[in-house]
Amino acid sequence: MTPVIAIVAIAIGVLAWLIGAPLWRVRRRAAAMAQPLPATTASVIDRNVPAVRNLPPEQRERLESLMAAFLAEKEFIGCNGLAVTDEMRSTIAAMACLLVLGRRGHYDALHSVLVYPTAFWVEDEVEDEAGVVTKRRRVLSGEAWESSRIILSWEDVLEAARHPGEGYNVALHEFAHYLDAEGLGLAAPPPSPPLPPARERSHEVRVRAPAEGRVRAVAEWAADLAEEFDALLDAVDRGQYTFLDPYAAEDEAEFFAVATEDFFERPVELRTAHPRLYELLQEFYALDPASWRAGEAEMATA
Ligand SMILES: [Zn+2]
């Protein structure tokens, strides 16, 4: 084979892989999503994931198909001698997929979920303002600092089931960090009716076109979120009680992750305490968890 033919053959091979791999992935995902989850999985998530108990039927169906893809694609690795069970896999998958019910993307860059039996130690290096680097050892219940893996303590994941409605959920917290870092922006709104052909649209109409059906710029949304964060910082500085865990005052990323926990774990309370923050999270996730709880209240009084 001449070098030219070899180069062309390699180029064709690379091209075929570039085109073929995503297609193969899409087909494999569609096949996984079409498989119904075993009935035992459904009862596990009802028991361990209070936030999904009141999902409307169509959302529940979508959650289960997202979970099937997540379970087929992501590797779960037990750490410190932990044997990962189906219960662990299903519980974590349900929490992860709840966050993307209204969003595009399937944690595409995530390869593995590392599960520790309890809180775990990590050692990293921190640099102070003078540039001095020191080693630090911390005990964590979860971590999401790399796009390819998320680390969780199973004991802490179960805390959300033990204390529903308290706004604590380490898995939601870490997967929220993941989505934040992933940078896919706000969830797309439901499709709006098609616009008339371009030439029939006057400039005036376009300027006045309602924001409805349009995803606004993430920067604009982030500026609104930063205002909510500043309000929390002020409250913490004044020593006031805060609805959000004061850990949210750490930085904007923690604020978003902590607020996400409350959005799904105690949505009605979050909407009452911080209506604007609730709206901003609705924009990010394209979901309205407070309305699921309203359904629960109606069922209870019926
Ligand atoms: Zn965090």
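The structure reproduced in this document is the subject of the present report.

Rules of the game
- Residues numbered from 1 in each chain as written.
- Predicted model: local features only at pLDDT ≥ 70, side-chain atom pairs only at ≥ 80, totals over all residues.
- Heavy atoms only, no water.
- Patch = residues over 30% accessible without salt bridge, like charges linked within 9 Å, V, L, I, M, F, W, Y side chains within 5 Å.
- Areas by Shrake-Rupley, 256 points an atom, 1.4 Å probe, with all protein chains shown as cover.
- Salt bridge = Lys/Arg side-chain N within 4 Å of Asp/Glu carboxyl O.
- Buried < 20%, exposed > 50% of the residue type's maximum accessible area, 1.4 Å probe, protein only.
- Helix = DSSP H or I, 4+ residues; strand = E, 2+ residues; numbered from the N terminus.
- Polar contact = N/O pair within 3.5 Å; in protein donor to acceptor, adjacent residues only side chain to side chain.
- Contact = heavy atoms within 4.5 Å.
- Donors = N, O, S within 2.8 Å, 3.2 Å for Na, K, Ca; no water.
- Tetrahedral: all angles 85-135°; square planar, octahedral: opposite > 155°, others 65-115°.
- 1 Å grid on protein atoms, 1.4 Å probe; cavity = no way out; pocket = protein on both sides within 12 Å on 5 of 7 lines; lining within 4 Å.
- Points joined across faces, edges and corners; volume = space filled by probe spheres on them.
- Nonpolar A, V, L, I, M, F, W, Y, C, P; charged D, E, K, R; others polar.
- Pairing = 2+ DSSP bridges.

Observations regarding a nonpolar patch on the surface
- A grouping of Ile10, Val14, Leu15, Trp17, Leu18, Ile19 and Leu23 is seen on the molecular surface, where their side chains present a nonpolar patch of about 770 Å² in accessible area.
- For Val14, a relative accessible area of 45% puts it in the partly exposed group.

What about the environment of Asp128?
- Position of Asp128 among the secondary structure elements: in the loop between β3 (120-127) and β4 (133-140).
- Taking relative accessible area as the criterion, Asp128 reaches 42% and is therefore assigned partly exposed.
- Here Val132 takes part through its backbone nitrogen, which lies 2.9 Å from a polar atom of the side chain of Asp128.

Side note on the environment of Val49
- Assignment of secondary structure puts Val49 in the loop between α2 (39-48) and α3 (57-73).
- Each residue touching Val49, except ones within four places of it in the same chain, is listed here: Thr91, Ala94 and Met95.

Describing the coordination of the zinc ion
- Looking at the metal site, the zinc ion is ligated by His173 (NE2), His177 (NE2), Glu254 (OE) and Glu254 (OE), spaced 2.0 to 2.6 Å from it.
- Each of the four donor atoms around the zinc ion contributes to a set of angles spanning 54 to 145 degrees, which defines the coordination as irregular.
- When the donor residues of the zinc ion are listed from N- to C-terminus, their spacing reads H-x3-H-x76-E. Residue His177 is found in helix α6 (residues 170-182), and its partner Glu254 is found in helix α9 (residues 252-265); the two are separated by 77 residues along the sequence. In terms of burial, His177 and Glu254 fall into one category: buried.

Here's the deal with empty space enclosed by the protein
- Counting across every chain of the model gives one cavity of 30 Å³ or more.
- Looking at the largest cavity, its volume works out to about 40 Å³.
- For the largest cavity, the full set of lining residues is Leu66, Ala69, Phe70, Glu73, Lys74, Cys97, Val100, His106 and Tyr107.
- Considering every element that reaches the lining of the largest cavity, the biggest residue donor is α3, with four residues.
- Of the residues contributing to the lining of the largest cavity, the split by class is six nonpolar, one polar and two charged.

Details of the pairing of strand β6 (residues 149-153)
- With four of five residues buried, β6 lies mostly within the body of the structure.
- Relative to β6, strand β5 (residues 142-143) runs antiparallel, the two sharing two bridges. Its bridge partner being in β6, Gly142 is matched across the sheet by Leu152.
- Between β5 and β6, which pair antiparallel and follow one another directly, the connecting turn spans five residues.

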